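Given next are the chains, with one letter for each unit.
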Amino acid sequence: MDYQQRNPLTTSEKEFYVNLVQLCPPGVVVLSKIKLAELVKPTAESGSDTFYDHIKKILSFTLDFVVYDLNNNYTVAVFDYQGNGIFKEERKSFLSEIFKQSSIEYFCISRVAEL
């Protein structure tokens, strides 16, 4: 099997990332392209069918940008970035509910200037 390198960020995502990093205070980092399952986990009993259903769902979501406080070891905010301004409503509703329950700020942004 052959492999080819790919760029994980588009040019506009890279610009967004650079600007977001500059806005963060010391001790706060920006992570990109991570799975939702890295930030939250189901409250259902481990091993149950409900637990596995929820795990499968959260593993299907990749987050654009996550602001993480290294000093206090918690996620500050999640940014969905779509340069075209088109956000899938199902994704937005699902993530909004999860982050509301988890006390994580969630933003959908289409322009760097919105930062």
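Scope of this entry: the structure provided in the associated data block. Residue numbering note: each chain is counted from 1, following its sequence as written. It should be noted that, the model being predicted, local features are given only for residues of pLDDT at least 70 and side-chain atom pairs only at 80 or more, the latter also being counted only at that level, while totals for whole chains, interfaces and linings use all residues. Note: side-chain values were computed over all heavy atoms of the structure, leaving out hydrogens and water.

## Details of the layout of surface pockets
Step number 1: Only protein atoms enter the 1 Å grid, on which a cavity is a set of points fitting a 1.4 Å probe that cannot get out and a pocket is an open set with protein on both sides within 12 Å along at least 5 of 7 lines, lining residues being those with an atom within 4 Å of a point. Grid points are joined across faces, edges and corners, and a volume is the space filled by probe spheres set on the points. In this structure, the largest pocket occupies an estimated 300 Å³ of space.
Step number 2: Every residue along the wall of the largest pocket is listed here: V40, K41, P42, T43, H54, K57, I58, F94, E97, I98, Q101 and S102.
Step number 3: When residues of the lining of the largest pocket are traced back to their parent elements, those giving at least two are α2 (49-59) and α3 (89-102).
Step number 4: Polarity classes work like this: nonpolar for Ala, Val, Leu, Ile, Met, Phe, Trp, Tyr, Cys and Pro, charged for Asp, Glu, Lys and Arg, and polar for all others, with Gly in that last group. Of the residues assigned to the lining of the largest pocket, the class counts are five nonpolar, four polar and three charged.
Step number 5: In this structure, the second largest pocket occupies an estimated 190 Å³ of space. Per the convention used, a helix needs a DSSP run of H or I reaching at least four residues, while a strand needs a run of E reaching at least two, with both numbered from the N terminus.

## Examining the nonpolar core
Step number 1: Grouped together as the largest cluster of nonpolar side chains are 13 residues, with contacts concentrated most on L36, L63, V78, L95, I98 and F99.
Step number 2: Counting only elements with at least two residues in this core, the list comes to β2 (62-69) and α3.
Step number 3: In terms of residue count, the dominant contributor to this core is α3 (three residues).
Step number 4: Contact criterion: two residues are considered in contact whenever any of their non-hydrogen atoms come within 4.5 Å of each other. L95 has contacts with L36, F61, L63, D80 and Y106, leaving out every residue within four places of it along the chain.
Step number 5: Only buried residues count toward a nonpolar core, which is a set of Ala, Val, Leu, Ile, Met, Phe, Trp, Tyr and Cys residues joined through side-chain atoms within 4.5 Å. For every residue, the accessible area obtained with a 1.4 Å probe (protein chains only) is divided by the maximum for its type, and the residue is called buried under 20%, exposed over 50%, and partly exposed between those limits. Residues F16, L20, V67 and A77 belong to the second largest nonpolar core, which totals 12 residues.

## A word on the pattern of salt bridges
Step number 1: Each reported salt bridge corresponds to a side-chain nitrogen of Lys or Arg within 4 Å of a carboxyl oxygen of Asp or Glu. All told, the structure shown has three salt bridges when counted by the stated rule.
Step number 2: Residues K33 and D64 are paired through a salt bridge, measuring 3.9 Å at the closest nitrogen-oxygen approach. Residue K33 is located in strand β1 (residues 28-35), and its partner D64 is located in strand β2; the two are separated by 31 residues in the primary sequence.
Step number 3: What makes K33 partly exposed here is its relative accessible area of 31%.
Step number 4: Across the pair D80 and R91 runs a salt bridge whose closest N-O atoms are separated by 2.8 Å. Of this pair, D80 sits in strand β3 (residues 74-81) while R91 sits in helix α3, placing them 11 residues apart in sequence. The pair formed by D80 and R91 is uniform in burial state, with each residue classed as buried.
Step number 5: Through salt bridges that share partners, E13, K33 and D64 make up one connected network.

## Brief notes about the pairing of β2
Across a regular strand the side chains alternate sides, sitting on one face of the sheet and then on the other.
Step number 1: Summarising burial for β2: seven of the eight residues are buried, a large majority.
Step number 2: Whether two strands pair comes down to DSSP finding at least two bridges between them. Relative to β2, β1 is paired through seven bridges, and the arrangement is antiparallel. Across the sheet, the residue bridging to L31 is V66, located in β2.
Step number 3: Note: β2 against β3, five bridges, orientation antiparallel. Paired with Y68 across the strands is T75, a residue of β3.
Step number 4: Between β2 and β3, which pair antiparallel in sequence order, lie four residues; one of them, N73, sits at a positive phi of approximately 55°.

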